[in-house]
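The residues making up each chain are set out below.
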Amino acid sequence: AVRLRLPDNVEVKARPGNAFWLRLPGKRTPDKPQMRAYSFSGVPRSPIIETVVSKVAENPNTSWAFQEFSVGQELEARIEEKNGKKSLFINPRKDLELEPDEWWQRKKFLFYGLGTGVTPHLSAVRYMAEYGMNADVIYVSSSKTRSRMIFHKELFMLEKQFPMNFRYLAFLTRENPENWAHFTGRPTIAPFQSQDELYKNPGLKNLVPDLALRHLRICGAKGTRKNLEEDAKKLGITFASIRYEEW
């Protein structure tokens, strides 16, 4: 995670699931640093904000971040000013913005995140936890390997803290390590088994019997929503609602 301290005079007016704009200079693009949106991973509030930056080979700026980030380094975030007050600019797209507090409480959710897709979901879960987790939330995490899992320990501890309200279902898709107490293979609606039988899981329809009652929230690669929704329809399952953010 990357934590940033904002100037004392900059407010944060955002909801979990929102994103802010941050400029990351890159080793290959020193004269053309890129401004892009990063989702909050923590509860959005000043002066400390948090996000996740993933090392991506085809993006020299994120690779640079892993090599050059240091405590105390200054980065540029987009700030807007209205009526003499400064606030962090929030990305206009709000696909996964958590609904108003009076709406989400006592609802059933299925959060589905691939890799760094955990970021907006964790913001929502942390926020809900501050309200005593007054909802029924299942978070499905999909990572290639154990070393690439993000916030695994924290999510596991949240499950222990709120056993009646929060479940954490972790999937590894590229390895099956010894003493792995969770699941392997792609998280699909129906049971999954790879051709070599190395990866398999009982499927979300068996892990989450009340799928049709849940509001599905997805953050992952392009096509994730379509694949899940089509798989669910084949089994006669229609989610209560679907919202998603894909890259």
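Everything numeric in this text was worked out from a predicted model, so none of it was measured.

**Q** Help me understand the overall build of the protein chain in this model?
**A** In terms of helices and strands, the protein chain carries six helices and 16 strands. Against the 2.2 N^0.38 benchmark of 18 Å for 247 residues, the protein chain shows a C-alpha radius of gyration of 19 Å, consistent with a compact globule. Projecting the C-alpha coordinates of the protein chain onto the three principal axes gives extents of approximately 55 × 45 × 30 Å. The proportion of buried residues among the 247 residues of the protein chain is 46%.

**Q** I'm lost on the environment of Lys 13 in this one. Help?
**A** By secondary structure assignment, the location of Lys 13 is in the loop between β2 (10-11) and β3 (19-24). Assessed through its relative accessible area of 59%, Lys 13 is described here as exposed. Between the C-alpha atom of Lys 13 and that of Pro 44, which follows or precedes it by 31 residues, the distance is 7.6 Å.

**Q** Please explain helix α4 (residues 152-161) as it appears in this structure.
**A** Residues spaced three or four apart along an α-helix face the same direction, because each turn holds 3.6 residues. Among all positions of α4, only His 152, Leu 155 and Leu 158 are buried. In an axial view of α4, the angular spread of the buried residues amounts to 125°, which keeps them on one side of the axis. For α4, the exposed residues set more than 90 degrees away from the buried face come down to Lys 153, Lys 160 and Gln 161.

**Q** Is there a simple way to think about the nonpolar core in this case?
**A** With 26 residues, the main nonpolar core has Phe 111, Met 128, Val 137, Leu 155 and Phe 166 as its most contacted residues. Secondary structure elements with two or more residues in this core: β9 (108-114), α3 (118-130), β10 (136-143), α4 and β11 (166-172). The element contributing the most residues to this core is α3, with six residues. Ignoring any residue separated from it by four or fewer positions in sequence, one finds Phe 111 in contact with His 121, Ala 124, Val 125, Met 128, Val 137, Ile 138, Tyr 139, Val 140 and Arg 217. Membership of the second largest hydrophobic core comes to 18 residues, among which are Tyr 112, Phe 171, Leu 204 and Leu 207.

**Q** How should I be thinking about empty space enclosed by the protein in this particular structure?
**A** Any empty space left between atoms is shown by rolling a water-sized probe over those atoms. Going through the model one piece at a time under the given rule, you end up with one cavity of 30 Å³ or more. If you trace the largest cavity, you find it lined by Leu 96, Leu 98, Glu 99, Phe 109, Phe 111, Pro 120, His 121, Ala 124 and Arg 217. Of all the secondary structure elements, the ones that give two or more residues to the lining of the largest cavity are β9 and α3. With three residues, the single largest contributor to the lining of the largest cavity is α3. The residue makeup of the lining of the largest cavity, split by class, is six nonpolar, one polar and two charged.

**Q** I'm lost on the side chain of Ser 141 in this one. Help?
**A** Structurally, Ser 141 can be placed in strand β10. Accessibility expressed as a relative area gives 7% for Ser 141, which makes it buried.

**Q** How should the pattern of salt bridges be read in this particular structure?
**A** Two side chains bearing opposite charge may form a pair once their charged atoms approach each other closely. For the structure shown, the criterion picks out 15 salt bridges. Glu 11 is the salt-bridge partner of Lys 13, the closest N and O atoms lying 3.5 Å from each other. Between Lys 108 and Asp 210 there is a salt bridge, and its shortest N-O distance comes to 2.8 Å. Of this pair, Lys 108 sits in strand β9 while Asp 210 sits in the loop between α5 (204-207) and β15 (215-220), and the two are 102 residues apart along the sequence. In the salt-bridge network here, residues are joined through shared partners; they are Arg 3, Glu 50, Arg 126 and Glu 154.

**Q** Any chance you could explain the environment of Phe 89 here in plain terms?
**A** Along the chain, Phe 89 falls in the loop between β8 (85-88) and α2 (101-104). Overall, the relative accessible area of 13% leaves Phe 89 in the buried class. In the structure, Phe 89 is positioned 68 residues away from Trp 21 in sequence and 6.8 Å away in space, judged by C-alpha atoms. Once residues lying within four places of it in the same chain are set aside, the contact partners of Phe 89 are Ala 19, Phe 20, Trp 21, Arg 78, Ile 79 and Glu 80.

**Q** Can you walk me through the packing of aromatic side chains in this structure?
**A** Think of a pair of aromatic rings as described by two things: how far the centres are apart, and how the planes are tilted against each other in angle. Evaluation of the coordinates by the stated rule reveals nine aromatic pairs. Relative to Phe 89, the ring of Trp 21 lies with its centre 5.1 Å away and its plane at 65°, an arrangement referred to as edge-to-face. Of this pair, Trp 21 sits in strand β3 while Phe 89 sits in the loop between β8 and α2, placing them 68 residues apart in sequence. Assessed through its relative accessible area of 23%, Trp 21 is described here as partly exposed.

Calculation notes
Residues numbered from 1 in each chain as written. Predicted model: local features only at pLDDT ≥ 70, side-chain atom pairs only at ≥ 80, totals over all residues. Heavy atoms only, no water. Helix = DSSP H or I, 4+ residues; strand = E, 2+ residues; numbered from the N terminus. Rg over C-alpha atoms; globule rule 2.2 N^0.38 Å. Buried < 20%, exposed > 50% of the residue type's maximum accessible area, 1.4 Å probe, protein only. Arc of directions from axis to C-beta. Core = buried A, V, L, I, M, F, W, Y, C linked by side-chain atoms within 4.5 Å. Contact = heavy atoms within 4.5 Å. 1 Å grid on protein atoms, 1.4 Å probe; cavity = no way out; pocket = protein on both sides within 12 Å on 5 of 7 lines; lining within 4 Å. Points joined across faces, edges and corners; volume = space filled by probe spheres on them. Nonpolar A, V, L, I, M, F, W, Y, C, P; charged D, E, K, R; others polar. Salt bridge = Lys/Arg side-chain N within 4 Å of Asp/Glu carboxyl O. Phe/Tyr/Trp six-rings, centres within 6.5 Å; stacked < 30°, edge-to-face > 60°.

Everything listed is a geometric property; what it means functionally is a separate question.
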